[in-house]
Amino acid sequence: MNEPWLIAGLGNPGEGYARTRHNAGAMVVEALCRRMDVRLKKVRLVSVFAAEARHEGTPLLLVTPATFMNECGPPIASFTRKRHVPVERVIACHDDIDLAFGAVRIKRGGSTAGHHGLDSMVQAFHSSDFYRVRLGVGRPSGRWENVDFLLEPFAKRELEDVAVMVEQGAEASLSLVTKGLSVTQSLYTRGPGIRER
(Lines give C-alpha, C1' and ligand atoms only; values in the text may rest on other atoms or scores of the structure.)
Protein backbone atom coordinates (compact mmCIF):
# COMPACT_ATOMS: atom_id res chain seq x y z
CA MET A 1 0.00 0.00 0.00
CA ASN A 2 2.87 2.40 0.74
CA GLU A 3 4.80 1.62 -2.43
CA PRO A 4 4.54 4.52 -4.90
CA TRP A 5 3.19 4.44 -8.44
CA LEU A 6 4.29 6.80 -11.18
CA ILE A 7 1.82 8.18 -13.71
CA ALA A 8 3.52 9.85 -16.68
CA GLY A 9 1.55 12.04 -19.06
CA LEU A 10 3.38 12.13 -22.38
CA GLY A 11 3.51 15.32 -24.39
CA ASN A 12 5.66 18.24 -25.50
CA PRO A 13 6.56 21.05 -23.09
CA GLY A 14 5.43 24.64 -23.48
CA GLU A 15 2.14 26.46 -23.85
CA GLY A 16 2.25 26.20 -27.64
CA TYR A 17 1.74 22.44 -27.42
CA ALA A 18 -0.54 22.36 -24.38
CA ARG A 19 -3.85 21.56 -26.14
CA THR A 20 -2.59 19.59 -29.12
CA ARG A 21 -3.55 15.99 -29.81
CA HIS A 22 -0.02 14.81 -29.02
CA ASN A 23 -0.42 16.20 -25.49
CA ALA A 24 -3.51 14.20 -24.57
CA GLY A 25 -1.47 12.17 -22.09
CA ALA A 26 -0.07 15.26 -20.39
CA MET A 27 -3.62 16.58 -20.13
CA VAL A 28 -4.56 13.50 -18.07
CA VAL A 29 -1.78 14.17 -15.54
CA GLU A 30 -2.77 17.84 -15.39
CA ALA A 31 -6.35 16.73 -14.65
CA LEU A 32 -5.11 14.47 -11.85
CA CYS A 33 -3.15 17.36 -10.39
CA ARG A 34 -6.26 19.55 -10.37
CA ARG A 35 -8.31 16.76 -8.81
CA MET A 36 -5.74 16.21 -6.06
CA ASP A 37 -4.92 19.90 -5.60
CA VAL A 38 -1.21 19.56 -6.31
CA ARG A 39 1.05 21.43 -8.72
CA LEU A 40 3.66 20.13 -11.12
CA LYS A 41 7.10 21.59 -10.41
CA LYS A 42 10.38 21.25 -12.29
CA VAL A 43 12.57 18.59 -10.71
CA ARG A 44 16.16 19.63 -10.01
CA LEU A 45 18.69 18.03 -12.37
CA VAL A 46 16.06 15.90 -14.13
CA SER A 47 14.06 17.06 -17.16
CA VAL A 48 10.61 16.37 -15.76
CA PHE A 49 7.87 18.22 -13.95
CA ALA A 50 6.50 16.27 -11.00
CA ALA A 51 3.98 16.42 -8.17
CA GLU A 52 3.31 14.09 -5.24
CA ALA A 53 -0.16 12.98 -4.18
CA ARG A 54 -1.97 10.06 -2.58
CA HIS A 55 -4.93 8.00 -3.73
CA GLU A 56 -6.66 5.74 -1.23
CA GLY A 57 -3.47 5.63 0.80
CA THR A 58 -1.15 4.87 -2.12
CA PRO A 59 1.59 7.43 -2.91
CA LEU A 60 1.50 8.75 -6.46
CA LEU A 61 4.15 10.53 -8.48
CA LEU A 62 2.54 12.56 -11.26
CA VAL A 63 4.99 13.43 -14.04
CA THR A 64 5.17 15.22 -17.38
CA PRO A 65 8.39 15.51 -19.40
CA ALA A 66 10.30 18.77 -19.76
CA THR A 67 11.76 17.42 -23.00
CA PHE A 68 10.11 16.84 -26.34
CA MET A 69 8.13 13.66 -26.83
CA ASN A 70 10.78 11.65 -28.68
CA GLU A 71 13.29 12.28 -25.85
CA CYS A 72 10.99 11.79 -22.86
CA GLY A 73 12.14 8.28 -21.90
CA PRO A 74 15.53 8.97 -20.27
CA PRO A 75 14.33 11.69 -17.85
CA ILE A 76 11.20 9.73 -16.89
CA ALA A 77 13.26 6.57 -16.33
CA SER A 78 15.89 8.52 -14.36
CA PHE A 79 13.27 10.05 -12.07
CA THR A 80 11.59 6.67 -11.66
CA ARG A 81 14.88 5.09 -10.55
CA LYS A 82 15.61 7.94 -8.15
CA ARG A 83 12.24 7.37 -6.51
CA HIS A 84 12.63 3.55 -6.48
CA VAL A 85 9.54 2.85 -8.58
CA PRO A 86 9.79 -0.41 -10.59
CA VAL A 87 8.60 -0.44 -14.19
CA GLU A 88 5.67 -2.63 -13.12
CA ARG A 89 4.22 0.39 -11.25
CA VAL A 90 4.65 2.88 -14.10
CA ILE A 91 1.66 4.10 -16.12
CA ALA A 92 2.16 6.01 -19.37
CA CYS A 93 -0.79 8.06 -20.61
CA HIS A 94 -0.52 8.84 -24.32
CA ASP A 95 -2.32 9.80 -27.51
CA ASP A 96 -3.16 7.00 -29.94
CA ILE A 97 -4.10 7.53 -33.60
CA ASP A 98 -5.11 3.88 -33.90
CA LEU A 99 -8.07 4.44 -31.59
CA ALA A 100 -11.28 6.20 -32.52
CA PHE A 101 -11.51 9.77 -31.27
CA GLY A 102 -12.58 9.82 -27.62
CA ALA A 103 -11.91 6.14 -26.89
CA VAL A 104 -9.88 5.07 -23.84
CA ARG A 105 -8.17 1.69 -23.71
CA ILE A 106 -5.79 0.04 -21.25
CA LYS A 107 -2.91 -2.35 -21.86
CA ARG A 108 0.36 -3.49 -20.37
CA GLY A 109 3.49 -4.04 -22.43
CA GLY A 110 3.41 -4.96 -26.09
CA SER A 111 4.10 -2.94 -29.20
CA THR A 112 4.55 0.83 -29.22
CA ALA A 113 2.93 1.03 -32.69
CA GLY A 114 5.59 3.57 -33.67
CA HIS A 115 4.70 6.09 -30.94
CA HIS A 116 7.95 8.00 -30.42
CA GLY A 117 7.30 8.73 -26.75
CA LEU A 118 6.66 5.07 -25.99
CA ASP A 119 9.70 4.07 -28.08
CA SER A 120 11.83 6.42 -25.97
CA MET A 121 10.43 4.98 -22.73
CA VAL A 122 10.99 1.37 -23.79
CA GLN A 123 14.60 2.15 -24.70
CA ALA A 124 15.26 4.04 -21.46
CA PHE A 125 13.60 1.47 -19.18
CA HIS A 126 15.05 -1.47 -21.15
CA SER A 127 11.55 -2.86 -20.84
CA SER A 128 8.11 -2.47 -22.37
CA ASP A 129 6.42 -3.86 -19.25
CA PHE A 130 4.68 -0.70 -18.11
CA TYR A 131 0.97 0.12 -18.26
CA ARG A 132 -0.46 2.32 -20.99
CA VAL A 133 -3.60 4.43 -20.89
CA ARG A 134 -4.33 4.92 -24.59
CA LEU A 135 -6.30 8.03 -25.55
CA GLY A 136 -7.94 7.95 -28.95
CA VAL A 137 -7.31 11.02 -31.08
CA GLY A 138 -8.43 9.45 -34.36
CA ARG A 139 -6.61 9.36 -37.67
CA PRO A 140 -5.98 12.36 -39.92
CA SER A 141 -7.88 12.81 -43.16
CA GLY A 142 -6.00 12.51 -46.45
CA ARG A 143 -4.73 16.07 -46.42
CA TRP A 144 -2.83 15.66 -43.14
CA GLU A 145 0.48 14.04 -42.37
CA ASN A 146 0.38 12.26 -39.00
CA VAL A 147 2.91 14.58 -37.36
CA ASP A 148 1.07 17.74 -38.48
CA PHE A 149 -2.24 16.29 -37.32
CA LEU A 150 -0.86 15.40 -33.88
CA LEU A 151 0.68 18.84 -33.36
CA GLU A 152 -2.58 20.59 -34.23
CA PRO A 153 -4.79 21.78 -31.35
CA PHE A 154 -8.07 19.99 -30.82
CA ALA A 155 -10.90 21.69 -32.71
CA LYS A 156 -13.42 23.70 -30.69
CA ARG A 157 -16.18 21.24 -31.56
CA GLU A 158 -14.06 18.44 -30.06
CA LEU A 159 -13.29 20.04 -26.71
CA GLU A 160 -16.29 18.69 -24.80
CA ASP A 161 -15.48 15.13 -25.87
CA VAL A 162 -11.78 15.71 -25.14
CA ALA A 163 -12.66 16.75 -21.59
CA VAL A 164 -14.64 13.51 -21.12
CA MET A 165 -11.77 11.42 -22.53
CA VAL A 166 -9.22 13.14 -20.29
CA GLU A 167 -11.33 12.56 -17.18
CA GLN A 168 -11.80 8.91 -18.12
CA GLY A 169 -8.04 8.62 -18.64
CA ALA A 170 -7.51 10.00 -15.15
CA GLU A 171 -10.05 7.58 -13.67
CA ALA A 172 -8.49 4.67 -15.56
CA SER A 173 -5.04 5.53 -14.21
CA LEU A 174 -6.31 5.54 -10.64
CA SER A 175 -8.22 2.31 -11.27
CA LEU A 176 -5.00 0.61 -12.37
CA VAL A 177 -3.40 1.61 -9.08
CA THR A 178 -6.22 0.36 -6.86
CA LYS A 179 -8.07 -2.32 -8.87
CA GLY A 180 -5.48 -3.76 -11.25
CA LEU A 181 -5.35 -4.42 -14.97
CA SER A 182 -8.21 -6.86 -15.62
CA VAL A 183 -10.84 -4.85 -13.75
CA THR A 184 -9.70 -1.61 -15.35
CA GLN A 185 -9.69 -3.12 -18.83
CA SER A 186 -13.23 -4.36 -18.29
CA LEU A 187 -14.34 -0.80 -17.55
CA TYR A 188 -12.84 0.60 -20.75
CA THR A 189 -13.81 -1.78 -23.53
CA ARG A 190 -16.77 -0.12 -25.21
CA GLY A 191 -17.07 2.55 -27.89
CA PRO A 192 -15.50 6.00 -28.07
CA GLY A 193 -15.75 7.90 -24.82
CA ILE A 194 -18.18 5.39 -23.26
CA ARG A 195 -17.33 3.82 -19.95
CA GLU A 196 -18.97 0.51 -19.21
CA ARG A 197 -20.82 0.74 -15.92
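What comes next concerns the included structure. This structure is a prediction, so every number in the text was calculated from the model and none was measured.

1. Remarks on the packing of helix α1 (residues 24-36) against helix α5 (residues 159-179)
Stage number 1. Contact geometry for α1 and α5: axes closest at 9 Å, N-to-C directions at 75°. Between α1 and α5, the angle is such that the two are roughly perpendicular. Between α1 and α5, the contacting residues are Met 27, Val 28, Ala 31, Leu 32, Arg 35 and Met 36 on the first element and Val 162, Val 166, Glu 167, Gly 169, Ala 170, Glu 171, Ser 173 and Leu 174 on the second.
Stage number 2. Looking at side-chain class alone, the contact of α1 with α5 contains nine nonpolar, two polar and three charged residues.

2. With respect to helix α3 (residues 116-125)
Stage number 1. Inspection of α3 places Gly 117, Leu 118, Ser 120, Met 121, Ala 124 and Phe 125 among the buried residues, and these make up the whole buried set. Looking straight down α3, one finds that the buried residues subtend no more than 160° of arc, so they occupy a single side. Away from the buried face of α3 by more than 90 degrees, exposed residues His 116 and Gln 123 are located.
Stage number 2. On the buried face of α3, the contacting elements are α2 (73-82), β5 (90-96) and β7 (131-136).

3. Some thoughts on the nonpolar core
Stage number 1. If you look at the biggest cluster of nonpolar residues, it comprises 36 residues, and the most contacted ones within it are Leu 32, Leu 62, Ile 91, Val 104 and Val 133.
Stage number 2. Beyond its immediate sequence surroundings of up to four residues, Val 104 is in contact with Val 133, Arg 134, Leu 135, Met 165, Gln 168, Gly 169, Ala 172 and Tyr 188.
Stage number 3. Residues Leu 6, Cys 72, Val 90 and Ala 92 belong to the second largest nonpolar core, which totals 23 residues.

4. With respect to the pattern of salt bridges
Stage number 1. Counted under the stated rule, the structure contains seven salt bridges.
Stage number 2. A salt bridge links Arg 89 to Glu 3; its shortest N-O distance comes to 3.2 Å. Taken as a pair, Arg 89 in the loop between α2 and β5 and Glu 3 in the segment before β1 (5-9) lie far apart in primary sequence, 86 residues in all.
Stage number 3. We classify Arg 89 as buried; its relative accessible area is 15%.
Stage number 4. You can call Glu 3 partly exposed: its relative accessible area is 49%.
Stage number 5. Across the pair Glu 52 and Arg 83 runs a salt bridge, and its minimum N-O distance is 3.1 Å. In this pair, Glu 52 is assigned in strand β3 (residues 48-55) and Arg 83 in the loop between α2 and β5, connecting sequence segments 31 residues apart.
Stage number 6. Arg 83 sits in the partly exposed class, given a relative accessible area of 31%.

Cut-offs used in this document
Residues numbered from 1 in each chain as written. Predicted model: local features only at pLDDT ≥ 70, side-chain atom pairs only at ≥ 80, totals over all residues. Heavy atoms only, no water. Axes fitted to C-alpha atoms, helices over the stretch in contact; angles between N-to-C directions. Helix = DSSP H or I, 4+ residues; strand = E, 2+ residues; numbered from the N terminus. Parallel < 35°, antiparallel > 145°, perpendicular 65-115°, else oblique. Contact = heavy atoms within 4.5 Å. Nonpolar A, V, L, I, M, F, W, Y, C, P; charged D, E, K, R; others polar. Buried < 20%, exposed > 50% of the residue type's maximum accessible area, 1.4 Å probe, protein only. Arc of directions from axis to C-beta. Core = buried A, V, L, I, M, F, W, Y, C linked by side-chain atoms within 4.5 Å. Salt bridge = Lys/Arg side-chain N within 4 Å of Asp/Glu carboxyl O.

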